[in-house]
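Coordinate analysis (summary)
Chain by chain, the residues:
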Amino acid sequence: MSIISLIIKREFIAKVRNKSFIVMTFLSPLLFVGIAAFVGYLSTMKADTKPIAIHDETGLFANEFLSLNKKDAEYRYSDLTLIDINFLKDSITKENYEGLIYIPKVSNNKDLENKIQFISNESPSLSFIENVQDIIGRKLTKENFNKAHLDTLAIKNAESKVVVNLAKASGEKSLKGLNEIKIAIGGAFGYLIMMFIIIYGNMVMRSVIEEKTNRIVEIIISSVKPFQLMMGKIIGTSLAGLLQFFIWAILGFLFMIVASTFLGIDASPTAKIPPSVIKEVHQEFGGMAQMYVRELWGLPIFTILFSFVIYFIGGYFLYSSFYASIGAAVDSETDSQQFLLPIIMPLVLAVYIGFFTVINDPHGTIATVFSMIPLTSPIVMLMRIPFGVPWWQIAISVTILFGTFFFVVWFAAKIYRVGILMYGKKPTWKEMYKWLKY
């Protein structure tokens, strides 16, 4: 154990003293803030208004589109019904207009449903076409009602808007959108684990490749077992990563204090909101807000946090053993690309399973099975826990995860032991399988 401690200490010190580690530790928060500010600036920019020509031979729809012309509207409609259609098509070709809505004259409105055209040089967005269809469809429906001598106002008043109120079996009121909040909480923790695995797993792999390339490992391996060296690298790198996250958290907290103290920025949620507005909102939504807070506090918070730590450790160690064995097998980072895809794919699959399956059926067969598979359980199970997962399922999942970790480490150590001293030959999956038998 003392040898592993020395390796952990060596790896940790080597990482934190690295210039790139120091620079990125303090530069990354600035980059995140800069990107967020840039995205916010882009969101405030308005796109150029696109001119749309309308040739309405029926005379029914032009005014419907002209009423949409506003100062900040994305599209500006022009009624050019009096202009020859062929001339308008030439204008589209010359890009004087973004497109042309052509509504031909027909004897029956029913025939108009499939005769309308949008003529343009480029394919329009799906939302624009759907909006045009809705405008024309509503107008046609109204005209059909009038021709059938139906009272459109009576029909509109007869329409019912149904609101389904949620309640629990105990009689308490329930709230809408809780599933989305739960999947967001679980997804945030799962995404952190995935990013940590990818970033620091690659760091472990690069560290192994660097020592192998510099032939330093030939000296180290003479006094240290390959298993001890691999575990020391994994743990030492993880500690460096945790230190980096801890520094980012402190910098973020200090930035908020500086912004609120020296720059006069009120960081509270109710900053710059008039007290009258706050009071009115509190009276109107206070009860609902309290229900949401009560529901959130009712979540298994301790289980979520404790499971995050456990799955973080198990998932990182499991995948880092793969990264370490790949680093030992190859001679350069370029050669590692063929082996990284099978490692990253389970992580991507776990994210998709979480967002597309867990939110709809958190206790279904697919979600339960993938929360037990060790390659996907760190992400899928964390997304399931906010919905309430029996303790025995978590216990089985964690047991399988750490059991798989020790099993994989045993195999990875064999690849590490042989591959760390192999030079000048690009390994294949078949070659690595042979190393397991040595």
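Conventions used here
- Residues numbered from 1 in each chain as written.
- Predicted model: local features only at pLDDT ≥ 70, side-chain atom pairs only at ≥ 80, totals over all residues.
- Heavy atoms only, no water.
- Pairing = 2+ DSSP bridges.
- Helix = DSSP H or I, 4+ residues; strand = E, 2+ residues; numbered from the N terminus.
- Axes fitted to C-alpha atoms, helices over the stretch in contact; angles between N-to-C directions.
- Contact = heavy atoms within 4.5 Å.
- Buried < 20%, exposed > 50% of the residue type's maximum accessible area, 1.4 Å probe, protein only.
- Phe/Tyr/Trp six-rings, centres within 6.5 Å; stacked < 30°, edge-to-face > 60°.
- Expected span 1.5 Å × (residues − 1).
- Arc of directions from axis to C-beta.
- Salt bridge = Lys/Arg side-chain N within 4 Å of Asp/Glu carboxyl O.

Another aspect to go through is the sheet that holds strand E4 (residues 117-119). Pairing is mixed across the open sheet formed by four strands, whose spatial order is E2-E1-E3-E4. Edge positions in the sheet fall to strand E2 (75-79) and E4, since each has one partner strand and no second. Put simply, the sheet's adjacent strands are angled 25° from each other on average, direction ignored. Against the sheet, helix H5 (residues 126-147) engages strand E1 (50-56), E2, strand E3 (99-103) and E4, with an angle of about 45° to E2.

This part takes up the environment of Ile 326. As for its position among the elements, Ile 326 is in helix H11 (residues 301-329). Under the relative-accessibility criterion, Ile 326 is labelled buried at 5%. On a C-alpha basis, the gap between Ile 326 and Ala 412 in space is 8.7 Å, while along the polypeptide they are 86 residues apart. In this view, Ile 326 contacts Met 205, Ser 336, Phe 339, Leu 340 and Ile 343; residues no more than four positions away in its chain are not counted.

Moving on to the pairing of E1. Burial analysis of E1 places six of its seven residues in the buried class, the great majority of the element. Bridge count for E1 against E2 is five bridges, and the pairing is parallel. Residue pairing for E2: Ile 52 is matched across the bridge by Tyr 77. Summarising the sheet, E1 and E3 pair through five bridges and their orientation is parallel.

According to the stated counting rule, one finds 13 aromatic pairs in the structure shown. When the centroid spacing of 5.0 Å and the interplanar angle of 50° are considered together, the rings of Phe 405 and Phe 406 count as tilted. Classification of Phe 405 by relative accessible area gives buried; the value is 4%. For Phe 406, a relative accessible area of 56% corresponds to the exposed category.

This paragraph deals with helix H1 (residues 2-16). With 15 residues, H1 should cover 21 Å at 1.5 Å per step; its first-to-last C-alpha distance of 21 Å lies within 8% of that length. Among the residues of H1, Ile 4, Ile 7, Ile 8, Glu 11, Lys 15 and Val 16 are the ones counted as buried. All buried residues of H1 fall inside an arc of 150° around its axis, so they share one side. Exposed and facing more than 90 degrees away from the buried side of H1 are Ser 2, Leu 6 and Lys 9.

The side chains of a regular strand alternate, residue by residue, between the two faces of the sheet. With five of five residues buried, E3 lies mostly within the body of the structure. Neither face of E3 is open: one carries Gly 99, Ile 101 and Ile 103, the other Leu 100 and Tyr 102, and all of them are buried. Relative to E4, E3 runs antiparallel, the two sharing three bridges. Paired with Leu 100 across the bridge in E4 is Ile 119.

Counted by the stated rule, this structure contains five salt bridges. Note that Arg 10 is salt-bridged to Glu 11, the shortest N-O span being 2.8 Å. Taking relative accessible area as the criterion, Arg 10 reaches 38% and is therefore assigned partly exposed. For Glu 11, a relative accessible area of 2% gives the class buried. Linking Glu 143 and Lys 139 is a salt bridge whose minimum nitrogen-to-oxygen distance equals 3.8 Å. Of the two residues, Glu 143 and Lys 139 both sit in helix H5, four residues apart, roughly one turn of that helix. Using a relative accessible area of 18% as the deciding quantity, one classes Glu 143 as buried. Classification of Lys 139 as buried rests on a relative accessible area of 17%. When salt bridges that share partners are traced, they join Arg 10, Glu 11, Lys 15 and Lys 233 into one network.

Before going further, it helps to spend a moment on H5. Think of an α-helix as 3.6 residues a turn; residues three or four steps apart then line up on the same face. Given a rise of 1.5 Å per residue, 22 residues ought to cover 32 Å, and the 31 Å separating the end C-alpha atoms of H5 matches this to within 8%. Of the residues making up H5, those classed as buried are Phe 128, Val 132, Ile 135, Ile 136, Lys 139, Leu 140 and Glu 143. In a view along the axis of H5, the buried residues occupy a sector of 120°, so they form one face of it. Seen from the buried face of H5, the exposed residues on the opposite side, beyond 90 degrees, are Leu 126, Ser 127, Gln 133 and Arg 138. Contacts made by the buried residues of H5 are with E1, helix H3 (62-66), E2, E3 and E4. Two residues or fewer after H5 comes His 149, characterised by a positive phi angle close to 55°.

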